[in-house]
Every structure is written in structure tokens, then in C-alpha cells.
Amino acid sequence: MDLREVIKQDLNTARMMQVATVKDNQPWNCTVYFAVDDNLNLYWISKPEARHSQEIKNNSKVAVAIPVKFDDLTVRGISLEGQATEVVSTDEIKEKVKLYSDKFNRGEDWYKDFAAGNNPHKLYRIKPTKVVLFDRVNFPDNDRQEIIL
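Quick caveat: nothing in here was measured; it's all calculated off a predicted structure.

A. Local environment of the overall build of the protein. When helices and strands are counted, the protein shows four helices and eight strands. Overall, the protein shows an N-to-C arrangement of helices and strands of α-β-β-β-β-α-β-β-α-α-β-β. Seen along its three principal axes, the alpha-carbon backbone of the protein occupies a region of about 50 × 40 × 25 Å. Residues classed as buried in the protein amount to 41% of the 149 residues present. Restricting to contacts in the protein with at least 6 residues of sequence separation, those with at least 24 account for 62%. Summed over its atoms, the accessible surface of the protein is roughly 8,400 Å², and 46% of this surface lies on carbon and sulfur atoms. The average position of the 22 basic charges and that of the 23 acidic charges among the side chains of the protein differ by 4 Å.

Put into C-alpha cells, the structure is as follows:
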């Protein structure tokens, strides 16, 4: 079983993630909807004045927790660490916000409006440096699987 493909499939299935940021040695955690690209980069939209958005400006290191499955005591989830930034390239915004729009059925009008910059939210990206998969379903003999990117 290919670990990267399992992780990618789980990320495509999951809808929300918890993003942990820190400022002045004080942690903060928020929950956001997200989409993923083929390189396992995670994308979400937030207002730039949100606490996590402000904290990412000064410290791009983040941690993420993504629940995949928690029923019948079958634990499946993804934890990762990486670098978070606001996406500023117009071409990248158009390409990556399409992933988000399609995943959450936002529609063509919403997509065009966002791509044109007519939305108060901004697009953010996390480039993971380490991904840990906890998966007793696909890896019952060694449920902690890790990849470094």
C-alpha cells in the first residue's frame, strides 16, 4: 500500500482541519475547511485580520490535525507540520482556489468573484514538511506512518 496515496486520499476526503499557530509563546488553534493539491499542499480561505492569519505573518510554522475516521475505536487521522503563507500570485490563486471551490461546491460565480479579488477572504497555503498518519485500518501492525517532504 502506497503511504503517500493513502494520505492524499484521506486529505481529499476530509473537509476540516485544525491549524495551530503561535505568538509570543502563546498557542492558538482554529478550525477551517481546506482543499489539497497533488503535492499535499493544503489550501484554505480566511480573512486577513483573523488571529491565525495575523500570527502566520510573523511565524509561518504551523501544526495541523485532521480527523479522518473515529468510529468503533478505529483511529485514523493526520497530523502534520509545515510552513503557512498567504498565496499572493494571481495565477496560483486562480488555480488553487478552484480546488477549494470544486471541493465545497461553491459554484462558478463564487470562484470567478474570488479569483477577481472581490472577496474579503484571502487564500492561504500550508506546505507540509512532515506528515504523520495514524491508521489502524490500512496499517494495523504499525499504525503510525510518517513521511518527510
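Here the narrative resumes.
B. Structural context of the packing of aromatic side chains. Counted according to the given criterion, the structure contains five aromatic pairs. Aromatic side chains tyrosine 33 and phenylalanine 104 sit 5.3 Å apart centroid to centroid with 70° between the ring planes, which places their arrangement in the edge-to-face category. With tyrosine 33 in strand β2 (residues 26–33) and phenylalanine 104 in the loop between α3 (90–103) and α4 (108–115), this pair connects stretches of sequence that are 71 residues apart. According to the relative accessible area criterion, phenylalanine 104 is buried, its value standing at 13%. Relative to tyrosine 124, the ring of tryptophan 44 lies with its centre 5.4 Å away and its plane at 20°, an arrangement referred to as stacked. Residue tryptophan 44 is located in strand β4 (residues 42–46), and its partner tyrosine 124 is located in strand β7 (residues 122–135); the two are separated by 80 residues in the primary sequence. Each member of the pair, tryptophan 44 as well as tyrosine 124, is classed as buried. Taken together through their ring pairs, the aromatic side chains of Tyr33, Tyr100, Phe104, Trp110 and Phe114 make up a single cluster. The cationic tip of lysine 98 hangs over the ring face of tyrosine 111; the distance from NZ or CZ to the ring centre is 5.3 Å. The ring of phenylalanine 34 carries lysine 103 above its face, with NZ or CZ at 4.4 Å from the centroid.

C. Geometry of unusual backbone geometry. Its identity is not glycine, yet asparagine 25 carries a phi of approximately 65°, on the positive side. Given a relative accessible area of 75%, asparagine 25 falls into the exposed group. You will see that leucine 40, though not glycine, has its phi angle at about 70°, which is positive. Within the fold, leucine 40 resides in the loop between β3 (35–36) and β4.

D. Looking closely at the pairing of strand β6 (residues 74–86). Pairing geometry for strand β5 (residues 61–71) and β6, over 10 bridges, is antiparallel. Opposite isoleucine 66, over in β6, you have isoleucine 78 as the bridge partner. Where β5 hands over to β6, the hairpin turn is made up of two residues, of which aspartate 72 adopts a positive phi near 50°. Looking at chain direction, β6 and β7 are connected through 11 bridges and run antiparallel. Bridging from a neighbouring strand, glycine 82 pairs with proline 128 of β7.

E. Broad picture of the side chain of aspartate 37. When you line up the elements, aspartate 37 lands in the loop between β3 and β4. With relative accessibility at 5%, the residue aspartate 37 sits in the buried group. A distance of 2.9 Å separates a polar side-chain atom of aspartate 37 from the backbone nitrogen of asparagine 41. Setting aside chain neighbours within four positions, we find aspartate 37 in contact with Tyr43, Lys96 and Leu99.

Cut-offs applied
Residues numbered from 1 in each chain as written. Predicted model: local features only at pLDDT ≥ 70, side-chain atom pairs only at ≥ 80, totals over all residues. Heavy atoms only, no water. Helix = DSSP H or I, 4+ residues; strand = E, 2+ residues; numbered from the N terminus. Buried < 20%, exposed > 50% of the residue type's maximum accessible area, 1.4 Å probe, protein only. Contact = heavy atoms within 4.5 Å. Areas by Shrake-Rupley, 256 points an atom, 1.4 Å probe, with all protein chains shown as cover. Lys, Arg positive; Asp, Glu negative; His and termini not counted. Charge placed at Lys NZ, Arg CZ, Asp CG, Glu CD. Phe/Tyr/Trp six-rings, centres within 6.5 Å; stacked < 30°, edge-to-face > 60°. Lys NZ or Arg CZ within 6 Å of the ring centre and 35° of its normal. Pairing = 2+ DSSP bridges. Polar contact = N/O pair within 3.5 Å; in protein donor to acceptor, adjacent residues only side chain to side chain.

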